[in-house]
Amino acid sequence: MKEQQIQQSFEIAKLRYAELGVDVEKAINELDKLPISLHCWQADDVTGFENLDGALTGGIQATGNYPGKARNIAELRADIDKAMELIPGNHRVNIHAFYGDFGGQFVDRDEIEPKHFQSWIDWAKEKNYKLDFNCTCFSHAKSADGLTLSHPDPEIRNFWIEHVIRSRKIAEDMGRQLGSKCMHNIWIPDGSKDVTVNRLQYRQNLKDSLDKIFEYKTNDVYMKDCIESKVFGIGLENYTVGSHEFYMGYGIKNNIPITLDSGHFHPTEIISDKISSLLLFSSEIMLHVTRSIRWDSDHVVILNEELVAIAQEIVRADAIDKVHVGLDYFDASINRIGAYVVGVRATQKALLQALLEPLAKLREFEANGQKFERLALLEEAKSMPWNSVYDYYCMKKGVIVAQDYIADIQQYENNVTSKR
């Protein structure tokens, strides 16, 4: 699109929003301050770099085998860099513990150290990214039976306890070196495929393991733990130890933020409705945004009703500084860089729509019991020219506008990923 056309469309949008009492420039500035945490595992199908086979276990799987996936750390970073070129703003990169730079040596999960992630930190400094981190409690011999921190064998539990403690120390070092709080997410696959009679015991084991993990006190300025629930995993359908109720209780009791993954609940449950409730009892929330079809299928995030609702709840609750937004999907059936760009741009568009809502007027209508007026204005806001504002934001940040990025990704595929 030509710059003149973008500018003209933006000026018209600016006037229309001003009629509703919305400051477009303020909304753009707010959007620019909202980093989205880009998940590294989309580029290599969640296989990591600690061993050669990269087999996925623990109730997760990537679907598809589109050519050109990243085979090493250099290719993974190159793909992330390319995606970041096509996304306006400054963002974060979320990495798992089994993405360490191990120099060709096998380092078991209970032996990882900050030095194994120093090259990631140096790369982030060079690129002006910030980092988030995850312990990796799946795809390992000691998680083969679907249990880790809740395992009945204390030796196996201790192995995973040590792994998570070391992951927390790595996250703290990342935050310290990069000058930005690193969110460390704890998710475990623990559960059972069929009927379980010792539900309480497994959950007692998990609680005891978490208690030991959090005995190591970290600096909240540099890192923050968060704990993530799930309904079930593939092959673990009957019972999940770390349910939403378990983690909500543990998190609120111990002042640990809870991670809401939009694919980790029953199909009729939506996380947008959970945000305002948790904010009353938790100082921060971590979001893992995905698009689930028939449950946790990890499709690429698109601009759909639930994504907009999530963004609206963040803004309406004045919680921009309390809710951390990260993406979490791994669709290997399409171009992986394209999957990144579509997902982050969709999330930004949802946030921008929320920031452009005539919230003051909507709150006035609601306070006065003017329900028709509230509904009508909400409907009109949906068709306001927010897309012209987003195009302008892209142009202002020096990023390719609208659908023109498709050709750029195709060129990267022709020149880079197709040759892998």
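Residues numbered from 1 in each chain as written. Predicted model: local features only at pLDDT ≥ 70, side-chain atom pairs only at ≥ 80, totals over all residues. Heavy atoms only, no water.

Here's the deal with the pattern of salt bridges
Inference 1: Scanning the entire structure with this criterion turns up 26 salt bridges.
Inference 2: With a closest N to O distance of 3.9 Å, Glu237 and Lys193 form a salt bridge. Taken together, the residues Glu237 in the loop between β6 (223–228) and β7 (239–240) and Lys193 in the loop between β5 (191–192) and α6 (199–213) connect sequence positions 44 residues apart.
Inference 3: Among the salt bridges present, the one from Glu357 reaches Arg316, with a minimum N-O distance of 2.6 Å. Linking Glu357 in the loop between α10 (336–355) and α11 (359–367) with Arg316 in helix α9 (residues 305–316), this pair joins segments that are 41 residues apart in sequence.
Inference 4: Arg316 gets classed as partly exposed once you look at its relative accessible area, which sits at 29%. (Salt bridge = Lys/Arg side-chain N within 4 Å of Asp/Glu carboxyl O. Helix = DSSP H or I, 4+ residues; strand = E, 2+ residues; numbered from the N terminus. Buried < 20%, exposed > 50% of the residue type's maximum accessible area, 1.4 Å probe, protein only.)

Observations regarding the packing of aromatic side chains
Inference 1: Per the counting criterion, the structure on display carries 16 aromatic pairs.
Inference 2: Within the aromatic cluster, the residues linked to one another by ring pairs are Phe49, Phe98, Tyr99, Phe138 and Trp187. (Phe/Tyr/Trp six-rings, centres within 6.5 Å; stacked < 30°, edge-to-face > 60°.)

Let's talk about the pairing of strand β10 (residues 323–327)
Inference 1: β10 sits mainly inside the fold: four of its five residues count as buried.
Inference 2: Bridging between strand β1 (residues 36–39) and β10 involves two bridges; their strand directions are parallel. Bridge assignment links Ser37 to a residue of β10, and that residue is Gly326.
Inference 3: When strand β9 (residues 285–289) meets β10, the two strands line up parallel, connected through five bridges. Within β10, the position partnered with His288 by the bridge is Gly326. (Pairing = 2+ DSSP bridges.)

Some remarks on the packing of helix α1 (residues 3–19) against helix α13 (residues 386–396)
Inference 1: Close contact between α1 and α13 brings their axes to 8 Å; oriented N to C, the two are set at 130 degrees. Considering the angle they form, α1 stands oblique to α13. With respect to the hand of their crossing, α1 and α13 are arranged in left-handed fashion. The segment α1 lies against α13, with Glu3, Ile6, Gln7, Ser9, Phe10, Ala13 and Tyr17 engaging Trp386, Ser388, Val389, Asp391, Tyr392 and Met395.
Inference 2: In terms of residue class, the contact of α1 with α13 is built from eight nonpolar, three polar and two charged. (Axes fitted to C-alpha atoms, helices over the stretch in contact; angles between N-to-C directions. Parallel < 35°, antiparallel > 145°, perpendicular 65-115°, else oblique. Left-handed = near helix turned anticlockwise from the far one by under 90°. Contact = heavy atoms within 4.5 Å. Nonpolar A, V, L, I, M, F, W, Y, C, P; charged D, E, K, R; others polar.)

Considering the sheet that holds strand β8 (residues 258–261)
One key point about sheets: their strands pair by backbone hydrogen bonds, in either a parallel or an antiparallel sense.
Inference 1: A barrel is described by the order of its strands in space; here eight strands give the closed sequence β1-β2-β3-β4-β6-β8-β9-β10, paired in parallel fashion. Geometrically, the sheet is characterised by an average inter-axis angle of 30 degrees between neighbouring strands, direction not taken into account.
Inference 2: In this structure, strand β3 (residues 130–134) lies alongside strand β4 (residues 182–186), joined through two bridges in parallel fashion. From the neighbouring strand, Phe133 faces β4, where its bridge partner is His184.

What about helix α3 (residues 73–85)?
Inference 1: Between its first and last C-alpha atoms α3 spans 18 Å; for 13 residues at 1.5 Å apiece the expected length is 18 Å, and the two agree.
Inference 2: Judged by how many residues are buried, α3 sits mostly within the fold: ten of 13 residues are covered.
Inference 3: Inspection of α3 places Ile73, Glu75, Leu76, Arg77, Asp79, Ile80, Asp81, Lys82, Ala83 and Met84 among the buried residues, and these make up the whole buried set.
Inference 4: Next to the buried residues of α3 lie β1, β2 (92–96), α4 (118–127), α10 and α14 (405–415).
Inference 5: Residue Asn72 occupies the N-cap position of α3, its side-chain oxygen lying 3.2 Å from the main-chain nitrogen of Ala74. (Expected span 1.5 Å × (residues − 1). Polar contact = N/O pair within 3.5 Å; in protein donor to acceptor, adjacent residues only side chain to side chain.)

Remarks on unusual backbone geometry
Inference 1: Look at Asp45: it is not a glycine, yet its phi comes out positive at around 65 degrees.
Inference 2: Positionally, Asp45 belongs in the loop between β1 and α3.
Inference 3: The phi torsion at Asp318 lies on the positive side, around 50 degrees, for a residue other than glycine.
Inference 4: Mapped onto the fold, Asp318 is located in the loop between α9 and β10.
Inference 5: Taking relative accessible area as the criterion, Asp318 reaches 54% and is therefore assigned exposed.

Some points on the packing of helix α8 (residues 272–279) against α9
Inference 1: Between α8 and α9, the least distance of the axes is 8 Å, while the angle of their chain directions is 20 degrees. Here α8 lies roughly parallel to α9, going by the angle between them. When the axes of α8 and α9 are compared, the crossing they make is right-handed. Together, Ser272, Ile275 and Ser276 of α8 and Glu306, Ala309, Ile310, Glu313 and Ile314 of α9 make up the contact between the two elements.

Considering the environment of Val289
Inference 1: Topologically, Val289 is positioned in strand β9.
Inference 2: When the C-alpha positions of Val289 and Asp328 are compared, they lie 5.7 Å apart, and in sequence the two are 39 residues distant.
Inference 3: Not counting residues within four places of it along the chain, the set of residues in contact with Val289 comprises Ser262, Val301, Leu307, Val325, Gly326, Leu327, Asp328 and Tyr329.

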